[in-house]
Amino acid sequence: MAFTKEQLEADLNWAVTQWIPGYTKVHQEIQQIIDYLLGKSTVVAGFSEWSLYYERFTVDLLSQPLVWDEGDKKVLELITKPAVFKVMAREFFDVLEERIKRHPNEDLYCEAIEHLKAYKLDEEQLLDLVIGKSNNGAFGSQSSGYGNIGYEFFDSAESSKAIGKYLVSVYPKFEKKINRYLTGYRSNSFLIYILRHSTIDPRPFWYNEEEGKLYLQVNNVVNTLTVFLDRYEGEAYEAFQHGEVYDYSGSGTYNATKYLIIKKMAELFPEKYYQEQLSFAFDFLEKANAASVQKDYRGRWNGNAVVIIPNAEIENEYTRNSRKRFLVDLISEDLFVYDKVKATEAIIQYFTNAESHQIPVEVYTTTDKYLAEKSVDLLAIVLGKYKGEAGDNILDSLLSILEKYDFAAHYDKIWAITKDKYKGIRFKAIQTLQKLLGEKAISQAEVLLKTSKNADQRQFMALLLAMIGTEKALQILNDALEGEKNDDARDVMLQTLGEQRYTNVTEDSIAEMVSSAKKRGKLDKPVESWLNEAELPKLKYKSGKELDAETVRFVLYRMSRAKEIRPDIEAKPVWLLIDKQSSTNFANAILQLYLSKGGDAKQKYCLTLAGMLGDNTLVDTLRKQITEWDLNKRGKMAEYAVGALALIGTNKALRAVELFSRKAKNGNVMSMASQSLAVAAEELGMDINQLADSIVPDLGFEGTFKHFTIDGEEYRAFVGNDFKITFFDSDNKKLKAIPKKASKELQNEFKELSKELREVVRLQSGRMERYLITQRKWKSEEWSKFFLSNPIMFVYAMRLIWGAFDSQNQLLYTFQCMDDGTLMNQNDEEIELSEETFIGMIHPLSLSDEEIDFWKNRQYESNIEPIFPQLHRPIVKLNATDVNLTHSEILQQVPFKAQIRHGWGRGSVGDGGMIEDFRKYFLDGAVCAVLDVYNMDVFGYMENSTFGDVYFIEGNSYRKKMAFGEVPPVVYSEVMSELQQLVPKKTEVEVA
């Protein structure tokens, strides 16, 4: 028997637990296959793609053909069904190869083919598979002609016996088919074997007909010489002299491949053909600089620039260039072996005549291999004519060789490259100069910085001096700054010199900066046609002096240079002196003008200006605009606006940023919000969660109350359980509203406080639910300060159930906060929090059913309505049998019509802008839930958009899927319970 029951059951277990866990339907199909092989059933139903893929492994169950028994026959019956064998052929012949290697002297191939013919497989189709010409893709297609068998079997004397005997045995029957293959240029090993094991004449295979004319097949001539040595010497030489190779690309390179024939003949008959080989080689190298591209699959050098090649030409372009690279390198090596002196002369001429993009990088290595340090002057020829269009791989190859030796005499060529039109190439050049020269590069960099007419070169000289970074280099940059007209070069200098250049800034020093910019011609016209400085609200210095129009234009000009949502380094000193209290109107005007012009990303500096100079009055406008851009697929603009919102820096602004870190359609917007919060938190010396706590307002209350008097009578304001401001008089009597005799000013104050309260609660409730899911913990002292002393958070303290945890995150006890601030445990005992404990909201997964019922009843009896589902939230517990699963099919093929809840952001985007998945992060990004989607592009879901698998990964890992048993139980429960809501009600789905 070719297999055992235990072996098959082990295969099934592997498929279920490791290969495709979670695919229950496929597991059932695999079980059908196993039952069939074990004789438990006589029929196997249709297969899905995965179970069909599994069938490939059944081929491994086969014994070697000479001892195939009933078990092997069942395997053959299974895999030889036409639809199955179409995808099984490769695996079958791979296994056959292994069997042949184990039994090299047996006629296993003929035996195997005879068995296959017994299952009504067409012999000619089997032959197609063997020689790699099958249309079904087992080893290639007729267009590619690649054949696994042809390449891997015929060069091995051991394994070629069985296959060779089969091919020779069928040659008379399929002579025309085999001959057609033998005349192809990919038939090297196949032809060699046939020639060695038959009496056929090889010469008909030397030529192949193309477009009504016979063309030389170089490899077949070489193969003939390899097998028969001198038998066909004369005919081979005649073919070399007069034969023509078909030029598939029109480059003229193909005919040069005849070098392989004369090279082979020189190996066999050196006295007769060696000189002719060398003559051919020198002649080819001399003419080998015909235009071609080094290694560009999509572009072609046309003498001026790289142009796009139509798709139909790409293969020929690459074939032509790879053929030339091969020949140039091969011939160069041959010449160096023959005569270094003459080879050097030939290479010098070749390097001199060819452009850098025409020379294969392999020739540099060959030159270095045979000439070592003497190759420097030769390679310097190429370095001197190098242009960025040739690609950075050429420059990297040249420098990697030259840097092994002393090539100081040629450093001038690297200096010349610093003005190349490609930025990346310029950067490589200055990196090399810094590495080679260090401080010695300063003097030449200074000269070029001051005298070069090439603005790009001046910019990179500034960057080189910045990279060197010595006191002398920085002084040169400082001295050159005011005279440099190119903004890119100046920006490099400014970023290098840093803010120390602008210490002790005054209004007079700002005036000097403005005057300098004016002299450089930077203030001749408005930055934007629609930004008229004279029509904008006035900006004032802290001294009260207004900024004139020219200074405002300077600010706008410099801010337009900022690449990110942050102040420009040269404009930043102005902000230090501007009166922020009077700048809001200016900020609002800039923002409104910018939005009215459509919000172009190129003018995003307007958002930065609004953030730097604005206050709370701009928050609502920006928040509304962020939402609009986010929903209308202008995610990048929404990101920029979030950054501007963070620049405002008020608690209200940061609360809005915190909301976007949790709720946004575009994941990048959430990421930007989180980054902005992180920056603000870092400046304040706290983490993001602590920052979010700190920006919850206290509404001006003292603790949980706000005391005030009306006509000498004392009153108190309190935030009630319904998050509305409640009033008490001096007798502690609850009032329906603030007394009517209160002043208009006081009434308006509480009206504004109520409005702010509603806004805070709207943001805070979502944040608190997220903390429940992520199981955030507070130190007991921090919890008491935040929840028992803040009038808004005190309501959350009363309406939620809490747990005290030790340092190992083990639950010690649960408790509830009463309206008088006392904390009561489940036994109705008043407790005090110890300094060592951590406090967090209780998730129902942490409680027994009895404990959940107790606290539900307690809240009901206390007439407390949960702010959000806490104890009532649905939970999904992981089955013990599913701990090793890595994905679930809970939403497999469910139409994407029901929207997933907030917190899910777009993940990977594949080819053609197709969205591959949605992602939701937990535990500060440590765990990520991934939900695959199909047929959905970046513009939104389509009619056939569906969900796919759901799984978990560690952080941003794209490969490491977590076993469900590794996922924190709360995270698993939250994701699965949420996704269950999207399953159509009539569909029964078992959660994995």
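Small disclaimer: the values here were computed from a predicted structure and weren't measured.

Rules and cut-offs
Here the residue numbers are simple positions, counted from 1 along each chain's written sequence. Given that the model is predicted, a residue must reach a pLDDT of at least 70 before its local features are reported, and side-chain atom pairs must reach 80 or more before they are shown or counted; all residues, however, enter totals for whole chains, interfaces and linings. Hydrogens are left out, water is left out, and the side-chain values use all remaining heavy atoms of the structure. Secondary structure elements are taken from DSSP: a helix is a run of H or I of four residues or more, a strand is a run of E of two residues or more, and numbering for both begins at the N terminus. Here, residues are in contact when the closest pair of their heavy atoms is within 4.5 Å. Reported accessibility uses the Shrake-Rupley method at a 1.4 Å probe radius. Residues are deemed covered only where the shown protein chains occlude them. By nonpolar core is meant a set of buried Ala, Val, Leu, Ile, Met, Phe, Trp, Tyr and Cys residues that side-chain atoms within 4.5 Å join together. Buried means the residue's accessible area, taken with a 1.4 Å probe over protein chains only, is under 20% of the maximum for its type, while exposed means over 50%, and partly exposed covers the values in between. Criterion used throughout: strands pair if DSSP finds at least two bridges between them. One speaks of a salt bridge when a side-chain nitrogen belonging to Lys or Arg is within 4 Å of a carboxyl oxygen belonging to Asp or Glu. A residue's pLDDT is the predictor's confidence in that residue, given on a scale from 0 to 100. For helices, the fitted line uses only the C-alpha atoms of the stretch in contact; every axis is such a line through C-alpha atoms, and the angle between N-to-C directions lies from 0 to 180 degrees. When two rings of Phe, Tyr or Trp (its six-membered ring) have centres within 6.5 Å they constitute a pair, described as stacked for plane angles under 30 degrees, edge-to-face for angles over 60, and tilted for the intermediate range. Think of it as a cone above the ring: NZ of Lys or CZ of Arg counts as a charge over the ring if it is within 6 Å of the ring centre and within 35 degrees of the ring normal. By definition, no residue in a patch forms a salt bridge, and every one has over 30% relative accessible area; like charges are joined within 9 Å, nonpolar side chains (Val, Leu, Ile, Met, Phe, Trp, Tyr) within 5 Å. All tallies of charge rest on Lys and Arg as positive and Asp and Glu as negative; His and the ends of each chain are not included. Taken as the charge centre is NZ of Lys, CZ of Arg, CG of Asp or CD of Glu, depending on the residue. Any angle between 65 and 115 degrees counts as roughly perpendicular, while under 35 counts as roughly parallel, over 145 as roughly antiparallel, and the rest as oblique. By convention the crossing between two helices is left-handed if the near helix lies anticlockwise of the far one by an angle smaller than a right angle, and right-handed if it lies clockwise. Under the scheme applied, nonpolar residues are Ala, Val, Leu, Ile, Met, Phe, Trp, Tyr, Cys and Pro; charged residues are Asp, Glu, Lys and Arg; polar residues are all the others, including Gly.

Any details on the overall build of the chain? Residues and values, ideally.
The number of helices and strands found in the chain is 41 helices and 19 strands. Contacts spanning at least 24 positions in sequence make up 64% of the contacts within the chain whose residues lie at least 6 apart. Carbon and sulfur atoms provide 48% of the accessible area of the chain, an area that totals close to 48200 Å².

Go over the nonpolar core, please, and point to the residues and values.
Counting 198 residues, the largest nonpolar core has Phe 92, Phe 351, Tyr 364, Leu 607 and Leu 645 as the members making the most contacts within it. Per-element accounting of this core gives the leading share, nine residues, to helix H33 (residues 635-648). Leave out the neighbours within four places in its chain, and Leu 645 touches Val 619, Leu 622, Ile 626, Ala 653, Ala 656, Val 657 and Phe 660. In terms of nonpolar packing, the next biggest core, distinct from the first, is built from 48 residues, Phe 708, Ile 710, Val 719 and Trp 783 among them.

So what's going on with the pairing of strand S1 (residues 207-210)? Residues and values would help.
Bridging between S1 and strand S2 (residues 213-216) involves four bridges; their strand directions are antiparallel. In the strand pairing of S2, Tyr 207 is matched with Leu 216. Between S1 and S2, which pair antiparallel in sequence order, lie two residues; one of them, Glu 211, sits at a positive phi of approximately 55°.

Before we move on, could you go through the pattern of salt bridges and cite the residues and values that matter?
Within the structure shown, the criterion is met by 43 salt bridges. Note that Asp 334 and Lys 263 form a salt bridge whose closest N and O atoms lie 3.2 Å from each other. With a gap of 71 residues between them, Asp 334 in helix H16 (residues 311-338) and Lys 263 in helix H14 (residues 259-268) connect regions that are remote in the sequence. The class for Lys 263 is buried, based on a relative accessible area of 19%. One salt bridge connects Lys 450 with Glu 446, and the closest N-O pair in it is separated by 2.8 Å. In this pair, Lys 450 and Glu 446 are both assigned in helix H23 (residues 442-451), four residues apart and thus about one turn of the helix distant. Judged by relative accessible area, which is 54%, Lys 450 ranks as exposed. One salt-bridge network, held together by shared partners, links Asp 488, Arg 490, Asp 491, Arg 558, Arg 561, Asp 568 and Glu 570.

Before we move on, can you summarise the confidence of the model for the chain with the specific residues and values?
Confidence in the prediction of the chain, expressed as mean pLDDT, is 81, and 82% of residues score 70 or more. Taking the mean pLDDT of every element in the chain, the minimum, 30, falls on strand S4 (residues 306-308) and the maximum, 96, on strand S10 (residues 801-805). With pLDDT under 50 throughout, residues 986-992 is counted as low confidence; its partners more than four residues away or in other chains account for 16 contacts.

Requested: an account of the sheet that holds strand S8 (residues 734-735), with residues and values cited.
As summarised here, the arrangement of the four strands in space is S5-S6-S7-S8, forming an open sheet in which the pairing is antiparallel. This sheet does not close on itself; its edge strands, each paired only once, are strand S5 (705-710) and S8. Sheet topology note: the strand S7 (residues 725-729)/S8 ladder contains two bridges and is antiparallel. Each residue of the ladder has a partner; that of Phe 727, found in S8, is Leu 735. Along the sheet face, helix H37 (residues 744-774) touches S5, strand S6 (713-719) and S7 and points at about 160° away from the line of S5.

Talk me through the packing of aromatic side chains; I want residue IDs and the actual numbers.
Tallied over the entire structure, the rule returns 34 aromatic pairs. Measuring from centroid to centroid gives 4.9 Å for Tyr 215 and Tyr 246, while their planes differ by 70°, and the two rings are edge-to-face. Note that Tyr 215 is positioned in strand S2 and Tyr 246 in the loop between helix H13 (233-242) and H14, a separation of 31 residues in sequence. Classification of Tyr 215 by relative accessible area gives buried; the value is 10%. Where Phe 708 meets Phe 727, the ring centres are 6.1 Å apart and the plane angle is 90°; that geometry is what we call edge-to-face. One end of the pair, Phe 708, is in strand S5; the other, Phe 727, is in strand S7, with 19 residues separating them in the sequence. Aromatic ring contacts, followed pair by pair, group Tyr 771, Trp 778, Trp 783, Phe 786, Phe 787, Trp 802, Tyr 813 and Phe 815 into a single cluster. In this structure, Lys 961 is placed above the aromatic ring of Tyr 951, and the distance from its NZ or CZ to the ring centre is 4.3 Å.

How would you sum up the sheet that holds strand S13 (residues 830-831)? Please name residues and give values.
Spatially, the six strands line up as an open sheet ordered S9-S14-S10-S11-S12-S13, and their pairing is antiparallel. Sheet topology places strand S9 (778-779) and S13 at the edges, where each strand pairs with a single neighbour. Looking at chain direction, strand S12 (residues 823-825) and S13 are connected through two bridges and run antiparallel. Considered in S13, the bridge of Leu 823 is made with Ile 831. Against the sheet, helix H39 (residues 791-799) contacts S10 and strand S11 (811-817), and its axis sits at roughly 120° relative to S11.

Go over a positive patch on the surface, please, and point to the residues and values.
On the surface, Lys 724, Lys 744, Lys 751, Lys 755 and Arg 758 cluster together into a positively charged patch. As for its placement among the helices and strands, Lys 755 is situated in helix H37.

With reference to specific residues and values, describe the packing of H37 against H39.
Remark: H37 packs on H39, axes separated minimally by 11 Å, with the N-to-C direction vectors making an angle of 45°. One element, H37, and the other, H39, form an angle in the oblique class. With respect to the hand of their crossing, H37 and H39 are arranged in right-handed fashion. In this structure, H37 uses Leu 757, Val 760, Val 761, Gln 764, Ser 765 and Met 768 to contact H39, whose residues at the interface are Ile 792, Met 793 and Tyr 796. Split by residue class, the contact of H37 with H39 holds seven nonpolar, two polar and no charged.

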